[in-house]
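# Commentary on secondary and tertiary structure
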Amino acid sequence: MSKGIIGVHEKPPLSRWIPLSFQHVFAMFGATILVPLLTGLSPSTALFTAGTGTLLYILITGAKVPAFLGSSFAFIPALTGIGSAYGMPYALGGAFCAGLFYSLVGLIIKVAGTTWLDRALPPVVIGSVIIVIGLNLAPTAMQSAMYVNGEYSLPAFAIALFTLSVAIIATIFFKGFFNTLSILIGLAGGYLFTLIMGMFFPAFHFIDFSVVKDSDWFGVPTFAIPKFSFVPVLTFIIVSLATICEHLGDTLVTSKVVGKDFYKDPGLHRTLTGDGLATTWAALWGGPPNTTYGENIGVMAITKVYSVWVIGGAAVIAVILSFIHKFGAIIQTIPGPVMGGISMLLYGLIASSGLRTIVESGVDYKDKRNLTISSVILVIGIGGGMLKFTVGGSFEFSLGGVALATVVGILLNLILPKTLDSGSADETAASAPQTTETAGE
């Protein structure tokens with residue numbers, strides 16, 4: 001059973017539901033609109049496809065997995081490379097087929113079963129990968145917290161630390177409903193601090209309302225129709241091999257945070273299919289490929305609110321915001337240092353979930369095999385390990401970060417022989433509950 005304040009299937013009253021959902025919107029907004037801004041797609045369309053894609057994911061997974069899907073950063077090189085060489089419609093066609101490839105892999109897993117995962121992904125691999133996922137995001141948090149236009153800014157760091165302090169106080173000391181809104185409270189506190197300080201000190205002037213003034217109140221997202229060609233399709237399918245590995249890691253993190261095994265229920269085949277069809281759906285409307293968001297996993301880890309109703313509410317709000325440009329512009333005024341301060345807490349909690357997995361599973365680091373696997377995963381994942389090769393004469397495929405660390409970790413676990421000490425330790429751990437029970441009798 002989930003130990004959350006609000007469980008996966010619980011629907012909070014409307015007075016709590018809306019602010020809890022908005023909290024997830026604030027967490028995902030910046031990253032979701034950044035991808036289309038970097039690739040030339042429409043931010044409004046990205047919000048629309050993220051919201052509708054999340055609802056589609058919830059439907060496919062039987063409303064059992066609380067996950068928000070937003071724009072994927074992993075596909076940025078493919079979107080820009082194929083977009084410039086063939087045109088953006090062909091890039092969207094590649095993304096469309098990559099989503100279908102997810103579903104094909106999901107079908108294979110459904111037929112083959114998930115028993116192999118227990119051998120391929122023991123706690124030492126799972127925990128290390130989750131740590132990598134969290135710490136991989138750490139530089140992004142610190143970049144937002146300390147730097148403005150590429151230069152170090154002490155006022156920016158002061159804003160980030162104030163925001164972090166407010167979020168920590170709300171997380172640790174607030175009770176009841178206000179505790180579940182700790183991220184939203186931290187954002188509001190950091191925003192107000194920046195706004196007030198900016199009135200008196202020019203160095204703190206990070207909020208610019210011109211984007212709100214220039215934006216329209218309402219508007220229809222810009223939609224596009226995908227086109228198809230062999231090289232773009234092949235390119236995106238190859239890239240999806242890396243993002244499938246990332247999906248394994250994200251689903252593991254969500255499982256550990258919520259306290260349920262989503263690999264088994266609703267099943268990895270359904271989470272993969274949901275993720276893939278959300279990407280296919282996004283490409284059909286001219287949006288960037290989708291992926292599950294670590295920011296929203298972090299929100300759940302802090303608030304212990306795991307309700308799919310709350311995630312679904314965030315998805316509906318995202319869709320509404322795609323048509324209300326003025327409100328979306330207001331969210332864009334949230335300063336980078338404020339988001340950086342919140343991210344310090346969000347990303348750190350993801351990494352801490354990996355540490356908890358290792359500790360609670362009793363991984364024995366006296367065993368050199370476990371020590372080796374963890375060490376290699378951490379160095380490759382956090383150090384920026386990268387495998388690159390050219391596809392089709394012009395596009396360079398890369399597998400790096402979390403995806404490469406996951407693949408290497410799985411291979412090491414399958415290849416390295418288990419030592420006698422490791423086997424003994426496993427047997428002792430397996431028999432521990434029975435021994436305790438006998439002693440009690």
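Before reading further, recall that the structure is shown in the block above.
Rules used in this analysis
- Residues numbered from 1 in each chain as written.
- Predicted model: local features only at pLDDT ≥ 70, side-chain atom pairs only at ≥ 80, totals over all residues.
- Heavy atoms only, no water.
- Helix = DSSP H or I, 4+ residues; strand = E, 2+ residues; numbered from the N terminus.
- Core = buried A, V, L, I, M, F, W, Y, C linked by side-chain atoms within 4.5 Å.
- Buried < 20%, exposed > 50% of the residue type's maximum accessible area, 1.4 Å probe, protein only.
- Contact = heavy atoms within 4.5 Å.
- Phe/Tyr/Trp six-rings, centres within 6.5 Å; stacked < 30°, edge-to-face > 60°.

## Quick look at unusual backbone geometry
Following Asp265, the chain continues to Pro266 via a peptide bond in cis, the omega torsion being 20°. Along the chain, Pro266 turns up in helix 13 (residues 263–285). Its identity as a non-glycine residue notwithstanding, Ala63 has a phi of 55°, on the positive side. Examined against the element boundaries, Ala63 turns out to sit in the loop between helix 2 (43–60) and strand 1 (69–71). A positive phi angle is found at Lys304, which is not glycine, with a value near 60°.

## Topic: the nonpolar core
Counting residues in hydrophobic clusters, the biggest one holds 44 residues, and the most contacted among them are Val25, Met28, Phe68, Ile183, Leu321, Ile331 and Leu346. Looking at this core, the elements that each hand over two or more residues are helix 1 (14–39), helix 2, helix 8 (154–173), helix 10 (182–200), helix 14 (294–303), helix 15 (308–321) and helix 17 (336–361). Here this core gets 8 residues from one element, more than from any other, and that element is helix 1. Once residues lying within four places of it in the same chain are set aside, the contact partners of Ile331 are Val25, Phe26, Phe29 and Leu321. Val8, Val105, Leu252 and Ala301 belong to the second-largest nonpolar core, a separate cluster that totals 43 residues.

## Points about the side chain of Thr254
With respect to the helices, strands and loops of the structure, Thr254 is situated in helix 12 (residues 230–258). Look past the residues within four positions of Thr254 in its chain and what remains in contact with it is Val65, Pro66, Phe262, Ile297 and Met300.

## Concerning the environment of Ser103
Position of Ser103 among the secondary structure elements: in helix 4 (residues 88–112). What makes Ser103 buried here is its relative accessible area of 16%. Sequence separation between Ser103 and Leu272 is 169 residues; the distance between their C-alpha atoms is 6.4 Å. Excluding residues that lie within four positions of it along the chain, Ser103 makes contacts with Thr273 and Leu277.

## Structural notes on the packing of aromatic side chains
Tallying each qualifying case throughout the model produces 13 aromatic pairs. Residues Tyr147 and Tyr152 carry aromatic rings whose centres are separated by 6.1 Å and whose planes lie at 85° to one another, so their mutual orientation is edge-to-face. A relative accessible area of 46% places Tyr152 in the partly exposed class. Measuring from centroid to centroid gives 4.2 Å for Phe162 and Phe193, while their planes differ by 15°, and the two rings are stacked. Linking Phe162 in helix 8 with Phe193 in helix 10, this pair joins segments that are 31 residues apart in sequence.

In short, shape yes, function no, at least from these values alone.
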